[in-house]
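# A structural walkthrough
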Amino acid sequence: MEHSVETVKQRHASWMAVPAEGSSLVTRALRRFGDWPLFVLFLTPNLVLLLVFTYWPLLYSVYLSLMQWDLISPVKLYVGADNYRFLLQDSEFREVLRNTIVFTVGTVGGTVLLGLAFALLLDQPLRGIALARGVVFAPYVLSGAAVAVFWVNMLNPRFGIVAQVASWLGTVSPDWLNHPKLAMVAVILVALWKNVGFATIVYLAGLQRIPQELYEAATVDGAGIPDRFRFVTLPQLGPITLFLLVVSTISSFQAFDLIKVLTDGGPVNATTTLLFYIWEQGFVAFNAGRAAAAAVVLFALLAVISFVQVRIGERRVSYD
Amino acid sequence: MTRPTKLRRHAGRLLASLLVTLVVIVMGLPLYWVMTGALKTNREIYTFPPVWIPREPQWNHFVEAWRAVPLGRFFVNSLVTTSGAVALELTFALLSAYALVFLRVRGKGLVFSVILAALLVPNTVTLLPNYLTAARLNWINTYQGLIIPVAAVAFGVFLFRQHFLTLPRDLLDAARLDGCGHMGLLRHVVIPLSRPVIVTFLVIYLVAHWNDFLWPLVVTNRLEWRTVPVGVAYLYQVEGVQNWGSILAGTVMALLPMLAVYIAAQRWIVKGIGGGALKG
């Protein structure tokens, strides 16, 4: 795949190297600038925005993380690594880290596994399969805040749909969102419901790209369905799985609206993840330094995780 | 074919159909629940076992929701913010990708890396500094504040660049020889050839901006500047748990625009998002 992109690029390069007509001294001098003015014109607006609202904030976060500041007072107090030291020793922050890991592993692992299972099911040539695919993907395009609001209603232990399901199963529904352990489970389940469609669609596209000949060859070699799945389907889906792991890890670190509406980080701190903590420290407790330090920790954590995922993935995934 | 294998195949199909039905029910039930919930009387809502089909649809819940919070204003804000941001992003992405593919300039690779690297910076890290920047610019509770800080585009540039690299060279060549300048080439050749990618782009960014919660929450603090997602969360807060009918009605209204977009563009979304992901 990469190879073909390369050749296209080369073709473009040769096309663009075709010299325009007429090459007097003046036009040659003008051509020294060539496409530069247009290049600058086309790219500047976007680059300026990226600089001001993406790269500068990154540096500014590092700067703020070394300060003590309440967002209001004109003076920022330099405190060195105090904010980081505080976070390292704070038991609440440790709980926040633990919650973040539980939430990330739950949602990322869940969406990838369920997404694969759903994709395998929805890849069958059954009647009404297009509609089924449509239903599975629909929650992904919905607002997380709105989704969370009606899930609060569904999870209500007295009159919610979950109470009905529990009573069918012969038990009583717990109060999910106010339970110190189950609140996180509920948040993960809602996130799964909302996001599994994305993994499903991506896996479906991947399944449809596996060359039929591979299955035929495997069948000729005497492979049954389980073997074909293990030795053809799974390896072929490797790069996609890697892509999904990286992308859903990044998006799970940014999950905010679901948590804000479902539990507001509670009960106590049971569902406070890193992003929620950063928002709380910055915009509720007005502790800019601590919020910035937590943000830097999150950025570093995410960078390390993505790097490890890609490295491990590249060793185990074959792209051919 | 022997009979047992045929039988087994039938059984397999039946099992697959059953499983697919189960998946559809589990995934679709919440949507059914919120849609019908909005139409139930409050007595039907607060009862157990739950009522599955509202006896008489209660359309007045929608009016109640509209009265409880300025929903109309939320919609206008979301509409302006979303269309403004998406329009800016589409323009930036098309121009950037065009420059990166078709202009003869050295160092394009470096510029592309600078754009792409932005994908590695999560909004978490930029949240507080961007709020401070917006505050310094007096952009709190303004459309500029809602739009401009989130209008930079990285993934979209990547999306268009990948597509532009596959455009047929002969056609572009011919247009060039006919004296087509870069603007003409972009308008009359490249954009018409990129319609499917543009639709994919529009859907992805439309959904992202309409649903965005954190930035609007931070950059606005007056009710009349809230967007739909923040507004719905607010509706849930003020109506408390006493009036689920109007909360659910407001929620349905918040969900409908994206559901409509989704149903209208489903073909493109499924193809675009599935396929677009694979190209990366």
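Residues numbered from 1 in each chain as written. Chains lettered and ligands numbered in written order. Predicted model: local features only at pLDDT ≥ 70, side-chain atom pairs only at ≥ 80, totals over all residues.

### Thoughts on the overall build of chain B
Check the secondary structure of chain B and you find 14 helices and zero strands. Across chain B, helices and strands are ordered from the amino to the carboxyl terminus as α-α-α-α-α-α-α-α-α-α-α-α-α-α. A compact globule built from 280 residues would reach a C-alpha radius of gyration of about 19 Å, whereas chain B, at 24 Å, exceeds it by more than 25%. On the principal axes, the C-alpha backbone points of chain B span a range of 75 × 70 × 35 Å. (Helix = DSSP H or I, 4+ residues; strand = E, 2+ residues; numbered from the N terminus. Rg over C-alpha atoms; globule rule 2.2 N^0.38 Å.)

### Remarks on the confidence of the model for chain A
Close inspection of predicted coordinates is inappropriate in any region flagged by low pLDDT. All names here are of chain A. Within chain A, residue pLDDT values average 86, and 88% of them lie at 70 or more. Here helix H1 (residues 2–16) is the element of chain A with the lowest mean pLDDT, 43, and helix H5 (residues 91–122) is the one with the highest, 95. With pLDDT under 50 throughout, residues 1–22 is counted as low confidence; its partners more than four residues away or in other chains account for 12 contacts. (pLDDT = per-residue confidence, 0-100. Contact = placed C-beta atoms within 7 Å.)

### Thoughts on unusual backbone geometry
Residue and element names in this part refer to chain A. Residue proline 267 is reached from glycine 266 by a cis peptide bond, and omega for that bond is -5°. Residue position: proline 267 is located in the loop between helix H13 (257–262) and helix H14 (274–283). Of note in the backbone geometry, leucine 71 takes a positive phi value of approximately 75° without being a glycine. In this structure, leucine 71 sits in the loop between strand S1 (67–68) and strand S2 (77–78). The phi angle at valine 268 is positive, at roughly 50°, despite the residue not being glycine. Secondary-structure assignment places valine 268 in the loop between H13 and H14.

### So, the domain arrangement of chain B
All names here are of chain B. In terms of domains, chain B is made up of domain 1 (3–60) and domain 2 (68–279). Across the boundary between the two partners, domain 1 contributes eight residues, which contact seven residues of domain 2. Listing elements by their share of the side of domain 1 that touches domain 2, those giving two or more residues are helix H1 (3–37) and helix H2 (42–45). Per element, the largest residue contribution to the side of domain 1 that touches domain 2 is three residues, and it comes from H1. (Domains from an automatic or database assignment.)

### Digging into the interface of chain A and chain B
How large an interface is tends to be reported as the accessible area lost when its parts come together. Listed as interface residues are 83 residues of chain A and, on the opposing side, 77 residues of chain B. A per-element tally of the side of chain A that touches chain B places helix H3 (residues 36–64) of chain A first, with 16 residues. Across the side of chain A that touches chain B, the residue classes tally to 60 nonpolar, 15 polar and eight charged. (Nonpolar A, V, L, I, M, F, W, Y, C, P; charged D, E, K, R; others polar.)

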